Amino acid sequence: MIDPNWSVVDLDPVTWRNIGRFLEPPQYFRAAQPGEHGLFVLHEAGRVLKVVDTALGTRRDLELEQVYDAPALARTLHARGEWQRVHVIDRQHLKRVARLSGSIEHRPLQLDQYYRLVHQLFWEDTVGYVCEPPKPDWNHFTYDLLEQFVSRLPQHASLALGVFDGTHLNIGLILEFKSGSIVRVTTFEAPLLQLAPIELSTACVDRLWQQLDQHIAPTAAVLLCTQAAFDQWITAEDKTQALHVAVRDGAALLRLTID
């Protein structure tokens, strides 16, 4: 959903700094979570190569020499209660993922398509990389969920997101879509837009809507919200309900032309 020729225009440093944490693709398909106490068992076709505890280092005391059933081993080790997550990984599987993801036939893929491919290669083999408990979705987001949203957009559309900490704008992001792909990323600071004053208000929503229509593309959605509401939406399991609550509580303003 990111055009190979997309452009970044007038991306102000404040917005860039505050969206930077979302631009780390590996976080969307990794199993180990930040700060998590885990055990990693690396083997090659069953022969154990190394066992590492993220808190204690190499664990030779576990006396693991052979992996006969990776899922069963992960469940057994996790049941001991020492680790929040147990990973059992076949090095041959990692080599295969590296080989296939680097093959020339995949170079024409769009950026997000490529990372989705890596995700599928990594996790489609149910014994190549096993973890207990299973890998979680990143904050309950899935690629299918995003695809469903984008599929509801017009062929040419713009979306705007404004996130405020009090009166300070932390994120002022504008996306232009064509045929379901992002073709331009810009911000509320773009010279062609006349948005001042920028604030969490219905009047600002009106200005954004009109300016996007005139200078970017037909407006499909504008969301202005507080930083707290945005953070809650990011982590919420039910994204729609989180937005409804934020709007009800006056922490967000949302206007849509899509169902």
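Keep in mind that this is a model prediction, so the values were computed, not measured. (Residues numbered from 1 in each chain as written. Predicted model: local features only at pLDDT ≥ 70, side-chain atom pairs only at ≥ 80, totals over all residues. Heavy atoms only, no water.)

A. Structural detail: the environment of alanine 79. Mapping alanine 79 onto the fold places it in the loop between helix 2 (70-78) and strand 5 (85-90). Take alanine 79: its relative accessible area is 64%, and that puts it in the exposed class. As for alanine 79 and glutamate 132, which are separated by 53 residues in sequence, their C-alpha atoms are 9.3 Å apart. (Helix = DSSP H or I, 4+ residues; strand = E, 2+ residues; numbered from the N terminus. Buried < 20%, exposed > 50% of the residue type's maximum accessible area, 1.4 Å probe, protein only.)

B. Spatial organisation of the pattern of salt bridges. According to the stated counting rule, one finds 15 salt bridges in the structure shown. Between lysine 95 and glutamate 44 there is a salt bridge, and its shortest N-O distance comes to 3.6 Å. Placement of the pair is lysine 95 in helix 3 (residues 91-101) and glutamate 44 in strand 2 (residues 38-44), with a sequence separation of 51 residues. For lysine 95, a relative accessible area of 41% corresponds to the partly exposed category. Judged by its relative accessible area of 14%, glutamate 44 falls in the buried class. We note a salt bridge from arginine 59 to aspartate 53, for which the minimum N-O separation is 3.0 Å. Across this residue pair, the class does not change: arginine 59 and aspartate 53 are buried. (Salt bridge = Lys/Arg side-chain N within 4 Å of Asp/Glu carboxyl O.)

C. Looking closely at the sheet that holds strand 6 (residues 129-132). Read across the sheet, five strands follow the order 4-3-2-5-6 without closing on themselves; strand pairing throughout is mixed. At either margin of the open sheet sits one strand with a lone partner, and together these are strand 4 (57-58) and strand 6. With two bridges connecting them, strand 3 (residues 47-53) and strand 4 associate as antiparallel partners. Within strand 4, the position partnered with aspartate 53 by the bridge is glycine 57. Packed onto the sheet, helix 2 meets strand 2, strand 5 and strand 6 and runs at close to 155° relative to strand 5. In the packing of helix 3 onto the sheet, contacts are made with strand 2, strand 3, strand 5 and strand 6, and the angle to strand 5 comes to roughly 70°. (Pairing = 2+ DSSP bridges. Contact = heavy atoms within 4.5 Å. Axes fitted to C-alpha atoms, helices over the stretch in contact; angles between N-to-C directions.)

D. Quick look at the domain arrangement of the protein. For the protein, the domain assignment lists domain 1 (2-24 + 143-256) and domain 2 (31-134). Of note, the centres of domain 1 and domain 2, computed from C-alpha atoms alone, are 36 Å apart. (Domains from an automatic or database assignment.)

E. Region of interest: a nonpolar patch on the surface. A cluster of nonpolar residues, Val247, Leu254 and Leu256, forms a patch on the protein surface that exposes about 220 Å² of accessible area. Overall, the relative accessible area of 37% leaves leucine 254 in the partly exposed class. (Patch = residues over 30% accessible without salt bridge, like charges linked within 9 Å, V, L, I, M, F, W, Y side chains within 5 Å. Areas by Shrake-Rupley, 256 points an atom, 1.4 Å probe, with all protein chains shown as cover.)

F. Structural context of the pairing of strand 10 (residues 219-226). For strand 10, the tally of buried residues reaches seven of eight residues, placing the bulk of the element in the interior. Across seven bridges, strand 7 (residues 156-165) lies against strand 10 in parallel orientation. Residue pairing across strands places glycine 162 opposite leucine 224, the latter belonging to strand 10. In the sheet, strand 10 pairs with strand 11 (residues 252-256) via five bridges, with the strands oriented antiparallel. Bridge pairing in strand 11 places leucine 224 opposite leucine 253.

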